[in-house]
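Survey of secondary and tertiary structure
Okay, here's what each chain looks like letter by letter:
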Amino acid sequence: MADQEDTLLSNRAAKLERMRADGIDPYPARFHRTCDAATASALFETVERGEQPDDKLENLSLAGRIVSMRTMGKAAFLDLQDASGRIQALLRQNNLNEGFDLLKNLDLGDHLGVRGNLIRTRTGEITIDALELTVTAKGMRPLPEKFHGLRDIETRYRQRYLDLISNQEIMPVFVLRSKVISGIRRFLDDRGFLEVDTPILVPVAAGAHAKPFVTHHNALDQQLYLRIATELYLKRLIIGGFDKVYEIGRVFRNEGIDQDHNPEFSLLESYEAYADYNDVMNMVEEMISSICIAVNGSAQVTMGEQVIDFTPPWQRVSLREELQNRSGVDLESMDDAALRKRATELGIDTKVLESRGRLIDKLLSTFVEPHLIQPTFVLDYPEEMSPLAKAKPDAPGYVERFEAFAFGMEIANSYSELNDPKVQRERFEGQEQIRELYEDEEVDRQDEDFLTAMEYGMPPTGGLGIGIDRLVMLLAGQPSIRDVLLFPQMRTLQGGSTEDASDEPVQE
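A brief structural summary. (Residues numbered from 1 in each chain as written. Predicted model: local features only at pLDDT ≥ 70, side-chain atom pairs only at ≥ 80, totals over all residues. Heavy atoms only, no water.)

On a plain count of helices and strands, the protein chain comes out with 14 helices and 18 strands. Oriented by its inertia axes, the alpha-carbon framework of the protein chain measures out at about 90 × 55 × 50 Å. Considering only residue pairs separated by 6 or more positions, the protein chain has 66% of its internal contacts joining residues 24 or more positions apart. In the structure as shown, the protein chain presents an accessible area of about 24,500 Å², 49% of it carried by carbon and sulfur atoms. Put simply, the protein chain has 57 plus and 87 minus side-chain charges, and the middle of one group is 5 Å from the middle of the other. (Helix = DSSP H or I, 4+ residues; strand = E, 2+ residues; numbered from the N terminus. Contact = heavy atoms within 4.5 Å. Areas by Shrake-Rupley, 256 points an atom, 1.4 Å probe, with all protein chains shown as cover. Lys, Arg positive; Asp, Glu negative; His and termini not counted. Charge placed at Lys NZ, Arg CZ, Asp CG, Glu CD.)

Within the largest apolar cluster, 45 residues are counted, with the highest numbers of intra-cluster contacts made by Ile184, Phe310 and Leu475. Those residues in contact with Ile184, other than ones at most four positions away along the chain, are Ile248, Leu268, Met287, Ile291, Ile468 and Leu471. Among the nonpolar cores identified, the runner-up in size contains 41 residues, and Leu319, Leu363, Val378 and Tyr381 belong to it. (Core = buried A, V, L, I, M, F, W, Y, C linked by side-chain atoms within 4.5 Å. Buried < 20%, exposed > 50% of the residue type's maximum accessible area, 1.4 Å probe, protein only.)

The subject of this paragraph is the packing of helix 6 (residues 171-190) against helix 8 (residues 277-296). Any two packed helices are characterised by how steeply their axes cross, that is the angle between the axes, and by the distance between the axes. Across the interface, helix 6 lies against helix 8 with an axial gap of 10 Å and an inter-helix angle of 135 degrees. Put simply, helix 6 runs oblique to helix 8. Where helix 6 crosses over helix 8, the two elements pack in a sense that is right-handed. On helix 8, the residues touching Leu176, Lys179, Val180, Gly183, Ile184, Phe187 and Leu188 of helix 6 are Met283, Glu286, Met287, Ser290, Ile291, Val295 and Asn296. Its residues placed into classes, the contact of helix 6 with helix 8 shows nine nonpolar, three polar and two charged. (Axes fitted to C-alpha atoms, helices over the stretch in contact; angles between N-to-C directions. Parallel < 35°, antiparallel > 145°, perpendicular 65-115°, else oblique. Left-handed = near helix turned anticlockwise from the far one by under 90°. Nonpolar A, V, L, I, M, F, W, Y, C, P; charged D, E, K, R; others polar.)

Here we take up the pattern of salt bridges. Enumeration over the complete set of coordinates arrives at 38 salt bridges. A salt bridge links Arg160 to Asp163; its shortest N-O distance comes to 2.6 Å. Highlighted residues: Arg160 and Asp163, both in helix 5 (residues 160-166), separated by three residues, approximately one helical turn. Of the two residues, Arg160 and Asp163, neither departs from the other in class, the shared state being buried. (Salt bridge = Lys/Arg side-chain N within 4 Å of Asp/Glu carboxyl O.)

This part is about the side chain of Gln431. Along the chain, Gln431 turns up in helix 12 (residues 421-438). The class of Gln431 is buried, set by a relative accessible area of 5%. Looking at Gln431, its side chain comes within polar contact range of the side chain of His209, at 3.4 Å. (Polar contact = N/O pair within 3.5 Å; in protein donor to acceptor, adjacent residues only side chain to side chain.)

As summarised here, the arrangement of the eight strands in space is 6-10-11-18-17-16-15-14, forming an open sheet in which the pairing is mixed. Two strands bound the open sheet, and with one partner strand each, they are strand 6 (194-195) and strand 14 (315-318). Inspection of the sheet shows strand 17 (residues 409-416) paired to strand 18 (residues 461-467) by five bridges, in the antiparallel sense. Paired with Tyr415 across the two strands is Gly463, which belongs to strand 18. (Pairing = 2+ DSSP bridges.)

Pro313 follows Pro312 through a cis peptide bond whose omega is -5 degrees. The backbone of Asp221 shows a phi angle near 50 degrees, a positive value even though the residue is not glycine. Mapping Asp221 onto the fold places it in the loop between strand 8 (214-217) and strand 9 (222-226).

Time to look at helix 7 (residues 231-240). Among the 10 residues of helix 7, seven are classified as buried, and the element is accordingly described as predominantly covered. Buried residues of helix 7: Glu231, Leu232, Leu234, Lys235, Arg236, Ile238 and Ile239, and no others. In the core, the buried residues of helix 7 are packed alongside strand 10 (244-252), strand 11 (264-273), strand 17, helix 12, helix 13 (448-454) and strand 18. Looking one or two residues beyond helix 7, the residue adopting positive phi is Gly241, at roughly 125 degrees.

Right, let's get into the pairing of strand 8. Relative to strand 9, strand 8 is paired through four bridges, and the arrangement is antiparallel. Opposite His217, over in strand 9, you have Gln222 as the bridge partner. Hairpin connection from strand 8 to strand 9: four residues lie between these consecutive antiparallel strands, with Asp221 at a positive phi of about 50 degrees.

The next thing to look at is the sheet that holds strand 7 (residues 201-202). Ordered in space as 7-9-8, the three strands form an open sheet in which the pairing is antiparallel. What marks the edges here is a single partner per strand, and that holds for strand 7 and strand 8. Note: strand 7 against strand 9, two bridges, orientation antiparallel. Looking across to strand 9, one finds that Val202 is bridged to Tyr225.

What follows covers the pairing of strand 5 (residues 126-137). Where strand 3 (residues 85-92) lies against strand 5, three bridges are found, and the strand directions are parallel. Within the sheet, the bridge partner assigned to Ala89 lies in strand 5 and is Ile128. When strand 4 (residues 111-120) meets strand 5, the two strands line up antiparallel, connected through 10 bridges. Residue pairing for strand 5: Arg115 is matched across the bridge by Glu132.

Attention now moves to the packing of aromatic side chains. Tallied over the full model, the rule gives three aromatic pairs. Aromatic side chains Phe310 and Trp314 sit 5.9 Å apart centroid to centroid with 55 degrees between the ring planes, which places their arrangement in the tilted category. With respect to burial, Phe310 and Trp314 carry one shared label: buried. Each ring, one from Trp314 and one from Phe377, has its centre 5.1 Å from the other, and the planes form 25 degrees; the classification is stacked. Taken together, the positions of Trp314 in the loop between strand 13 (306-309) and strand 14 and Phe377 in strand 15 (residues 376-382) put the pair 63 residues apart, joining distant regions of the chain. Overall, Trp314 belongs to the buried group, its relative accessible area being 4%. The class for Phe377 is buried, based on a relative accessible area of 0%. What links up through ring pairs into an aromatic cluster is the set Phe310, Trp314, Phe377 and Phe402. Positioned above the aromatic ring of Tyr233, the side-chain terminus of Arg236 is 4.4 Å from the ring centre. (Phe/Tyr/Trp six-rings, centres within 6.5 Å; stacked < 30°, edge-to-face > 60°. Lys NZ or Arg CZ within 6 Å of the ring centre and 35° of its normal.)

Right, here's the structure in full:
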């Protein structure tokens, strides 16, 4: 296999040198394209219907990657692929004269510019009849042998560029992702929210239960962290006087990798003064349903054999009641020891001593989440699980928090934000005690500057976090988070190579 690849590389290198010897620049700085493949095809059909004059089809310039070549003596057909699709090019010796000789130095994967006239061939295919050829980039590596349907999962993720070249159904997923993010911005902008930027390098990794990535700032001689959330900085802005703010950006959590987790991911967080989690609930179902309609033409999407309907209103269930119905665990009747014992009986791994909040989270993940196929809000979490959320007045020990689920996966998290600085300090101190008692357990961290900011007064606020990657998974019907990330995190292979596709996803 290595010898065959070396031969292919040598052949391409020889063709490159022949081009240069013929005075052809194989990597020109520019090529003026008058339209892309899809626009050219649409234009041809418009002219055919008599809606445009025939001369609109003359002297057009198209460009793309050669993905198919068929040579027949003094003529050849090439398929050129660009971001909009494919179009056929006809190369005829009597039109190109000496330019036809360029064909012998072309390979699949090369980029080619073509100037010519649009025609429809006898087989009915819209085609550009070439009058002039321009090499726009010579490919020095051959495309994968089965590039017309590259299916090796690890190769697709490691070499996304080959995936995009080879699998035409992949690019629309990332176009949809862009439209989803644009749709979120439009929705929030129209509601008076202000988009802001907050630090990525932070002195305290707070705002979520997660293990941070650690780095060192040389000039400051200070340990810093990649942010795990944007929450505490955005709430500083609410304190400062902005009423509605949001941020869309990357956050980083030093955790495992699986179907719906990646160490870096895109997160929307928004905060609205004088709102609570009920207001945010209404906003979430309106936002997601409207975006789903905008990008898919319907509020329904298909995931496997399930049809998910995002049409409001979504189902609302109590965490306590749903957990009791699904597992028989009644949180009100069990102290920590009883809860741990019952979790063990139910098959939950409790070998490592964990806090009450962590055990409840495991029970929720095991017995409740997999059943939440249609969009569902799970309401009112135990205080132990939500140190930044406001207490629920009529339910001691619980807070005003919801998580939104669909297809058994969390897509949103929201609180009525805790705005009492004394209680917030007590909650942070309680989290630090949990960290000391349970050692490796990840809990929220105490941020003194944020506590100081709170002492200046924070109005009642409704906060929201939405995992954009998971939302895109649902709206695009993709089963894995790595299918909606252009460059998912992968294990570095020996020597930095990306060509061995032997590693597997790992989950801590």
